[in-house]
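For reference, the chains in residue letters:
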Amino acid sequence: MPQKILAGRAADPQLRGDLVQVKVDQVILSRAPSRALAEAIATGMKKTPVEVAVAYDGTCVADASSLADIDEGSPHSVSPEFPTYNIPIARPGIGFPAPVHLERFAAPARLALTDDPRLATVGGIGMLSLVVSPSQLGQALATGSAWLRPPRSVQVHLSGRVRPFVCARDVALELLRRNLDEVVRRIEGEHHAPVILEFAGPSARLLSVGDRAVLCGIAPQVGAAAALFVSDEKTEVFLRDQRRSKAHRALVPDPGAPCEEVVSIDLGTVDPLLMDEEGVVRPVRDLAGKPVAQVVLGGDSGVTLRDMLAAALLLKSKRVPSRLDLLVAPPSRQVLEVLAQSGALVDLVATGARIIEPDRRVVTSEIYPPPPGGLSLRTADPEPRIAGTPSFVVASAETLAYAVATGAVGDPRSFKRPVRVTVPRALPTDDVLILRDKKGEQVSTKKPPTAPPAVPWKGPLTLDVLAGVPKLNGRAAVGGRGRKAPAPVDAAPAVADERAQAAPAGGVALVLSTLDEVRAVAERATDLSAVRAVVAPFVPSTAVSAFASEGIATFLVGAEALGSIKDQKSVELPAPAQWGDRVAAVFGSERVEVAWLATGMERSWTHAGTVRQPPSASKPAR
């Protein structure tokens, strides 16, 4: 299915070559909207030709820091100029980007580019969503096309029916428990191409679009580029309920279409599961009886409207225990309205719940973090697990409801009987919080954002070696151009300061050990502009392309050499002209051959430090 979507939009329908140029249907801006707009303006954009482009402003709880970001034109802010470029703004309060986009904009058999891995959930409606860097998004906004690697597919075959008190969140955790990440990593290593999960089988067509979105949300955690479901009659009903039936297109795989591997799962064998604070998926009974201090029901992934209604029914007439804090974060404004109209919101408030705003910092635990020494249960997918970040337990809405009812972790099947939930068909679809350009209105007089200058590779370079993910110092990223280099999050403060003081002017090379560390650096690349190279035993192809577009070289190194490399203080890289598939790097006094993962145009992006085309030569005088 992903190949069908790309082939219909590619200059080469056969998808030959390391990279192919494809037409983009949608651009979704969430993590660094102003940076993407700046890149598009630098390319010469006046109005974007993309069919749908939306910028999500996820800062609902304004504080001095967020207001300063807007005033300073931070890459993560949403400037008022977006509508003048044909890019509507989804204002604060509309909900988290992933569920809102699924309801209001996502369309089957289309291609979307985004800077937010959490948008993988839109694959539940049959839309292919790929994560790229802000500079690549700028090119897509300006030209309506992008250069992408042709993907490979892994089929997830679903059969059977889920039992009572088992939902899509449990099925997603079961897939993680079956080491789907190892399958993805092996195929990436063989083909050096993005891997996309395709859900198929008789049970795939029985799932609602919301449940499908929950399953697609696991793609970033296993290193996959995206996930896709078919677009069928369930999809058509969903779009009709959203009053967007014209957006429907059928999408099914061709008979006998090849895939790299098939992973089968019988839904009838899935039990209530949870992901503990270490990231290990376990049966709920393993933590049974453990006291719970915080429950966050909702968020941007892992929960559907049906799950929210079911939790409200299970908690009706219950009371929150004295040592437990129940927070409800409705995924979208539409879900909030349905909860209110059905009376479920009143039941949750009567239980003792606090209704919180859909601020982007909720899912990252920057606000409402897990209480120290207490257990926090949440439905949303976690951010990449790295040292120094808050950790919590991920479970289904029914498991969270049981924790609220009893004050401890337990199997939701201990409830007397399952609840019967009827999801309303008439859904509120008012887009009052979508700010569009209105002719004749002056939206803003502020100067539009400007793109940072590219830093090309010139000659041999000596980089400071840092192991782990750099931390951010306040709002600004430690290690920006002209600032101190980044320090690892797990380093002691004195050591971090010493390493930062000694960082050479050339920049920094990060040595990363896990997929979560690579994901975290890729998501923060715009804030880590002193980083010039990433060295790791596994880097997904989408991250390689995103790093290359920011001028960051990505190198593959064997796991056996990783330990000795981490202990070195610097690495010497030869001039770019001497780079090939393998590069001779000198870590301290040790010579190590590393594999350069960039391919095709990505290599020229790395050397140039950007995907922006150089300014054309001036025309000769006549």
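If you're wondering where the values come from, they're calculated on a predicted model, not measured in any experiment.

Tell me about the nonpolar core, and name the residues and values.
Residues Phe-555 and Leu-573 are the most contacted members of the largest nonpolar core, which totals 43 residues. Tallying contributions element by element places strand S24 (residues 531-536) first for this core, with five residues. Those residues in contact with Phe-555 that sit more than four places away from it in its chain are Ala-533, Val-534, Val-535, Ala-536, Leu-573, Trp-579, Val-583, Val-594, Ala-595, Trp-596 and Leu-597.

Report on helix H2 (residues 33-42), specifying residues and quantitative values.
Taken across its 10 residues, H2 has eight buried, putting it largely inside the fold. Of the positions making up H2, those classed as buried are Pro-33, Ser-34, Arg-35, Ala-36, Leu-37, Ala-38, Glu-39 and Ala-40. On its buried side, H2 packs onto strand S2 (26-29), strand S3 (52-56) and helix H5 (134-143). Remark: Gly-44 follows H2 within two positions and exhibits a positive phi of approximately 105 degrees.

Which residues make up helix H17 (residues 541-549), and what are the values?
Taking burial as the measure, the nine residues of H17 include eight buried ones, the bulk of the element. Buried residues of H17: Ser-541, Ala-543, Val-544, Ser-545, Ala-546, Phe-547, Ala-548 and Ser-549, and no others. Lining the buried residues of H17 we find H5, helix H7 (180-191), helix H16 (515-523), S24, strand S25 (553-556) and helix H19 (601-608). Positive backbone phi, at 80 degrees, marks Gly-551, one or two positions downstream of H17.

So what about a nonpolar patch on the surface? Which residues, and what values?
Among the surface-exposed residues, Leu-336, Val-349 and Ile-355 lie close enough to one another that they form a single nonpolar patch of about 210 Å² accessible area. A relative accessible area of 36% places Ile-355 in the partly exposed class.

Tell me about the sheet that holds S25, and please be specific about residues and values.
Within the closed barrel, the seven strands sit side by side as S20-S23-S24-S25-S28-S27-S26. Their pairing is mixed. Shown here is a sheet whose adjacent strand axes are inclined to one another by a mean of 35 degrees, direction ignored. Strand direction decides the pairing type here: S24 and S25, joined by four bridges, are parallel. Paired with Ala-533 across the two strands is Ala-553, which belongs to S25.

Help me get a handle on unusual backbone geometry, residues and values and all.
Negative phi characterises most residues that are not glycine, and trans characterises most peptide bonds. One non-glycine residue, Asn-179, lies in positive phi territory at about 60 degrees. Within the secondary structure, Asn-179 sits in the loop between helix H6 (168-177) and H7. Positioned with a positive phi, Ser-317 is a non-glycine residue whose angle comes to about 70 degrees. Structurally, Ser-317 is set in the loop between helix H10 (305-314) and strand S15 (325-329).

Can you break down the pattern of salt bridges residue by residue, with the values?
For the coordinates displayed, the defined rule picks out 37 salt bridges. Between Arg-104 and Asp-431 there is a salt bridge whose closest N-O contact spans 2.9 Å. A residue pair is termed long-range when its members are at least 10 positions apart, and Arg-104 in helix H4 (residues 97-104) and Asp-431 in the loop between helix H14 (397-406) and strand S19 (434-435) qualify at 327 residues. Close ionic contact of Arg-413 with Asp-411 constitutes a salt bridge, the shortest N to O distance being 2.9 Å. Counted as one network, the salt bridges with shared partners bring together Arg-31, Asp-116, Arg-118, Asp-300, Glu-383 and Glu-523.

Talk me through the state of the cysteines; I want residue IDs and the actual numbers.
Enumeration over the complete set of coordinates arrives at zero disulfides. Left without a disulfide partner, Cys-259 is nearest to the cysteine sulfur of Cys-216, which lies 16 Å away. In this structure Cys-259 comes out as partly exposed when scored by relative accessible area, which is 29%.

How would you summarise the pairing of strand S8 (residues 152-159) if you had to cite specific residues and measurements?
Summarising the sheet, S8 and strand S9 (residues 195-200) pair through six bridges and their orientation is parallel. From the neighbouring strand, Val-156 faces S9, where its bridge partner is Phe-199. By the bridge criterion, six bridges tie S8 to strand S11 (residues 261-266) in an arrangement that is parallel. The partner of Val-156 across the bridge, within S11, is Val-263.

With reference to specific residues and values, describe the packing of aromatic side chains.
Taken as a whole, this structure holds six aromatic pairs when the rule is applied. For the pair Tyr-402 and Phe-415, a centre-to-centre distance of 5.5 Å together with 80 degrees between the ring planes defines the contact as edge-to-face. Taken as a pair, Tyr-402 in helix H14 and Phe-415 in the loop between H14 and S19 lie far apart in primary sequence, 13 residues in all. You can call Phe-415 buried: its relative accessible area is 13%. Measuring from centroid to centroid gives 4.9 Å for Trp-579 and Trp-596, while their planes differ by 85 degrees, and the two rings are edge-to-face. A residue pair is termed long-range when its members are at least 10 positions apart, and Trp-579 in the loop between strand S26 (570-573) and strand S27 (582-587) and Trp-596 in strand S28 (residues 590-596) qualify at 17 residues. Each member of the aromatic cluster is reached from another via a ring pair, and the members are Trp-457, Phe-555, Trp-579 and Trp-596. One Lys or Arg, Arg-378, reaches over the ring of Phe-392 and ends 4.8 Å from the middle of that ring.

Could you give an account of the side chain of Glu-550, naming the residues involved and the relevant values?
For Glu-550, the position within the fold is in the loop between H17 and S25. A distance of 3.1 Å separates the side chain of Glu-550 from the side chain of Arg-35, its partner in a polar contact.

Account for the packing of H17 against H19, with residues named and values stated.
At a minimum axis separation of 7 Å, H17 and H19 run at an interaxial angle of 40 degrees. Of the residues in H19, those touching H17 at Val-544, Ser-545, Ala-548 and Ser-549 are Glu-602, Trp-605 and Thr-606. Of the residues that constitute the contact of H17 with H19, the class distribution is three nonpolar, three polar and one charged.

An account of the environment of Gly-58 is needed here, citing residue identities and associated values.
Along the chain, Gly-58 falls in the loop between S3 and helix H3 (64-72). Spatially, the C-alpha atom of Gly-58 lies 8.1 Å from that of Arg-361, the residues being 303 residues apart in sequence. Leaving out residues up to four positions away in the same chain, Gly-58 has contacts with Pro-358, Asp-359 and Arg-360.

So what's going on with the side chain of Glu-398? Residues and values would help.
For Glu-398, the location among the structural elements is in helix H14. Classification of Glu-398 by relative accessible area gives buried; the value is 3%. Excluding residues within four positions of it along the chain, Glu-398 makes contact with Phe-165, Cys-167, Arg-306, Asp-307, Ala-310, Leu-314, Pro-412 and Phe-415.

Talk me through the sheet that holds S2; I want residue IDs and the actual numbers.
Spatially, the six strands line up as an open sheet ordered S6-S5-S2-S3-S4-S19, and their pairing is mixed. Looking at which strands have only one partner, the edges of the open sheet turn out to be strand S6 (128-131) and S19. Pairing analysis gives two bridges linking strand S4 (residues 89-90) to S19, with the strands arranged antiparallel. Residue pairing across strands places Ala-90 opposite Ile-434, the latter belonging to S19. Here H5 sits on the sheet and contacts S2, S3 and strand S5 (111-114); the angle it forms with S2, its principal contact strand, is near 140 degrees.

For the environment of Leu-128, give the residues involved together with the corresponding values.
Inspection of the secondary structure assignment puts Leu-128 in strand S6. Residue class for Leu-128 comes out buried when judged on its relative accessible area of 0%. Along the sequence, Leu-128 and Ala-107 sit 21 residues apart, while their C-alpha atoms lie 9.3 Å from each other.

What counts and what doesn't
- Residues numbered from 1 in each chain as written.
- Predicted model: local features only at pLDDT ≥ 70, side-chain atom pairs only at ≥ 80, totals over all residues.
- Heavy atoms only, no water.
- Core = buried A, V, L, I, M, F, W, Y, C linked by side-chain atoms within 4.5 Å.
- Buried < 20%, exposed > 50% of the residue type's maximum accessible area, 1.4 Å probe, protein only.
- Helix = DSSP H or I, 4+ residues; strand = E, 2+ residues; numbered from the N terminus.
- Contact = heavy atoms within 4.5 Å.
- Patch = residues over 30% accessible without salt bridge, like charges linked within 9 Å, V, L, I, M, F, W, Y side chains within 5 Å.
- Areas by Shrake-Rupley, 256 points an atom, 1.4 Å probe, with all protein chains shown as cover.
- Salt bridge = Lys/Arg side-chain N within 4 Å of Asp/Glu carboxyl O.
- Pairing = 2+ DSSP bridges.
- Axes fitted to C-alpha atoms, helices over the stretch in contact; angles between N-to-C directions.
- Disulfide = S-S within 2.5 Å.
- Phe/Tyr/Trp six-rings, centres within 6.5 Å; stacked < 30°, edge-to-face > 60°.
- Lys NZ or Arg CZ within 6 Å of the ring centre and 35° of its normal.
- Polar contact = N/O pair within 3.5 Å; in protein donor to acceptor, adjacent residues only side chain to side chain.
- Nonpolar A, V, L, I, M, F, W, Y, C, P; charged D, E, K, R; others polar.

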